[in-house]
Amino acid sequence: MARPGGEEADGSWAAGDRDQEQLSFSALLDDSAEDLYENAPCGYLSTLMDGRIAKVNGTLLRWLGRDREELVGREQFSDLLTVGGRLYHETHFSPLLRMQGEVNGVALELRAADGSRLPVLVTSVVKRDSSGEPLLIRTTLLDARDRRAYEQELLRARQEAERERERLRRLATTLQRTLIPPALEPVPGLDVTAHYHFASSDEVGGDFYDLFPLAAGRWGFFMGDVRGKGAEAAVVTSLARYTLRAAAVSDPVPARVLANLNTALNQQFQDDEPRFCTVIFGLLEPEGGDRGFHVVLAGGGHPPAVLLRADGTADYLPTPGGQLVGVVQDAQFTTAVVELRPGDTMLLYTDGLTEARDLATGERYGDEALLDFVRALAPVSAPRAVQGVTGLLDSFGEGLDDDIALLAVGVPGRETPA
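Everything quoted here is computed from the prediction, not taken from an experiment.

## Description of the nonpolar core
So, step 1. Membership of the largest hydrophobic core comes to 26 residues, with the highest contact counts inside it found for L308, L353, V374, F396 and L406.
So, step 2. Elements with a minimum of two residues in this core: β11 (305-308), β12 (314-317), β14 (345-349), α9 (367-377), α10 (382-396) and β15 (404-410).
So, step 3. Considering every element that reaches this core, the biggest residue donor is α10, with seven residues.
So, step 4. Residues contacting L353, with those up to four places away along its chain left out, are Y365, L370, V389, L392, L393, F396, I404 and L406.
So, step 5. Core analysis: the second largest hydrophobic core is formed by 25 residues, L307, L317, L348 and A405 among them.

Have a look at this one:
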């Protein structure tokens, strides 16, 4: 039904509704200062300079379960705190407040009438008169129960994460140690020394090496580096180690050993992301009359071995053209032959050594620097060669960000001290 007066009447009704709404809204905001103080969402407290409570709001009384008459003029602010809180208040909070005139957001605990504890964040300010003399202390207390629960949950989560990290670290260390031999078998007439540097205790690396006997008095050895880290790298490392050993038993020709590993990697991971590695495989064969060892090496993309001669010279023993193992099905591998005579040592390593960073310059260590270093060592036995290089590793400090494997084989002979 239309309102009397048409549009003019409609306008009056609308104006009346707005006025009524405004009055209702104003009523909501018509809080007295006393009501705002008493029922604030935080606790308010005023104390004299000696700490006696002079005024307290209803919110804080409800939190504590106390009556106003119990507190005002009878107790001090520190009486509301737990034992630890009182100690902190007396030794830190109160002296700092007197010195600075203000202390903000300090975490303390109140002791309620029922014995429960209420975590709060306390801010206190000293009120002064016109001459600067302190009159009283105004304190605001914020309920920190939700924050405390959140912090405790974060702490539990952090502790759980640390326990899980430690478990994974132990697992990674155990797994890593299963991928490298705990000790190398002694080879008659040859010094053999190995070393493994773990870049991380949390993650399994992909470096590996081994030395093992073959038929007819010959010995096989290898060193490799799998692409990547973690469990996937460990799978490839394990496959590579056992494939190399098995292939060497059936057909010890080094180039064919690498070809067999290349076939195994291509077949195993043909439908997945390529898994590949760099490898040097060698065959040691003793020569009669204590003349040393005949060595045949096949390289599959691995850094070249370093040959340190008894005459004090040292140089790389390259196997140029050898391709990465596991990338293509028809990979080609090159061979090098060397005679190890008394006093000669051959050092194999993974690329974490030459890719280490010099913290002073930020530059990679590099092949030339390594060659200069080993030339300064030569002539040197296998144990002392590894000892010298591990000392070099220690000098890099945090510049080592990759695992490093070292394997040195040498024929004992007259040695000049390094």
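## Side note on the packing of helix α7 (residues 230-250) against helix α8 (residues 254-268)
Any two packed helices are characterised by the angle at which their axes cross and by the distance between the axes.
So, step 1. Closest axis-to-axis distance for the α7/α8 pair is 9 Å, and the angle between their directions is 140°. The orientation of α7 with respect to α8, classified from their angle, is oblique. The two elements α7 and α8 cross, and the hand of that crossing is right-handed. Contacts between α7 and α8 involve V236, L239, A240, T243, L244, A247 and A248 on the former and, on the latter, V257, L258, N260, L261, A264, L265 and Q268.

## Here we look at the pairing of strand β3 (residues 102-111)
So, step 1. With eight bridges connecting them, β3 and strand β4 (residues 117-128) associate as antiparallel partners. When the sheet's bridge partners are listed, E109 is paired in β4 with P119.
So, step 2. A loop of five residues connects β3 with β4, the two strands running antiparallel in sequence, and G115 in this loop sits at a positive phi of about 90°.

## Here we look at the layout of surface pockets
Think of a ball as big as a water molecule: rolled over the atoms, this probe shows where empty space is left.
So, step 1. As a volume, the largest pocket reaches approximately 220 Å³.
So, step 2. Residue lining of the largest pocket: 18 residues in total, with M49, G51, H89, S94 and I137 positioned closest to the centre.
So, step 3. Among the elements that line the lining of the largest pocket, the one with the most residues is helix α5 (residues 83-100), at six residues.
So, step 4. Classifying every residue of the lining of the largest pocket by side-chain character gives seven nonpolar, eight polar and three charged.

## Describing the environment of D403
So, step 1. Locating D403 in the fold gives a position in the loop between α10 and β15.
So, step 2. A polar side-chain atom of D403 sits 3.0 Å from a polar atom in the side chain of Y196.

## Digging into the sheet that holds β4
So, step 1. Overall, antiparallel pairing links the five strands, which are arranged β2-β1-β5-β4-β3 in an open sheet. Strand pairing shows two members of the sheet lacking a second neighbour, β2 (53-56) and β3, which therefore form its edges. Averaged over all adjacent pairs, the angle separating strand axes in this sheet is 25°, with direction ignored.
So, step 2. Relative to strand β5 (residues 134-143), β4 runs antiparallel, the two sharing nine bridges. Each bridged residue has a counterpart across the sheet, and for R128 the counterpart in β5 is P134.
So, step 3. Sitting on the sheet, α5 is in contact with β3, β4 and β5, with an inclination near 160° to β3.

## Focus: the sheet that holds strand β6 (residues 191-197)
So, step 1. Judged by pairing direction, the sheet is antiparallel, and its five strands sit side by side in the order β6-β15-β14-β11-β12 without closing on themselves. The sheet terminates laterally at β6 and β12, the two strands that pair on one side only. Averaged over neighbouring strand pairs, the angle between their axes works out to 20° when direction is ignored.
So, step 2. Two strands pair when backbone bridges link them, and β11 and β14 are joined in this way by three bridges, in the antiparallel orientation. Across the sheet, residue L308 finds its bridge partner in β14, namely T345.
So, step 3. Running over the sheet, α9 touches β11, β12 and β14 and is turned about 135° from β12.

## Remarks on the pattern of salt bridges
So, step 1. For the coordinates displayed, the defined rule picks out 17 salt bridges.
So, step 2. For the salt bridge of R241 with D210, the shortest nitrogen-to-oxygen distance reads 3.3 Å. Pair noted here: R241 is in helix α7 and D210 is in strand β7 (residues 207-213), with a separation of 31 residues, a long-range link. Like R241, the residue D210 is buried in the burial classification.

Reading guide: rules and limits
- Residues numbered from 1 in each chain as written.
- Predicted model: local features only at pLDDT ≥ 70, side-chain atom pairs only at ≥ 80, totals over all residues.
- Heavy atoms only, no water.
- Core = buried A, V, L, I, M, F, W, Y, C linked by side-chain atoms within 4.5 Å.
- Buried < 20%, exposed > 50% of the residue type's maximum accessible area, 1.4 Å probe, protein only.
- Helix = DSSP H or I, 4+ residues; strand = E, 2+ residues; numbered from the N terminus.
- Contact = heavy atoms within 4.5 Å.
- Axes fitted to C-alpha atoms, helices over the stretch in contact; angles between N-to-C directions.
- Parallel < 35°, antiparallel > 145°, perpendicular 65-115°, else oblique.
- Left-handed = near helix turned anticlockwise from the far one by under 90°.
- Pairing = 2+ DSSP bridges.
- 1 Å grid on protein atoms, 1.4 Å probe; cavity = no way out; pocket = protein on both sides within 12 Å on 5 of 7 lines; lining within 4 Å.
- Points joined across faces, edges and corners; volume = space filled by probe spheres on them.
- Nonpolar A, V, L, I, M, F, W, Y, C, P; charged D, E, K, R; others polar.
- Polar contact = N/O pair within 3.5 Å; in protein donor to acceptor, adjacent residues only side chain to side chain.
- Salt bridge = Lys/Arg side-chain N within 4 Å of Asp/Glu carboxyl O.

Function cannot be read off these values alone, since they describe shape.
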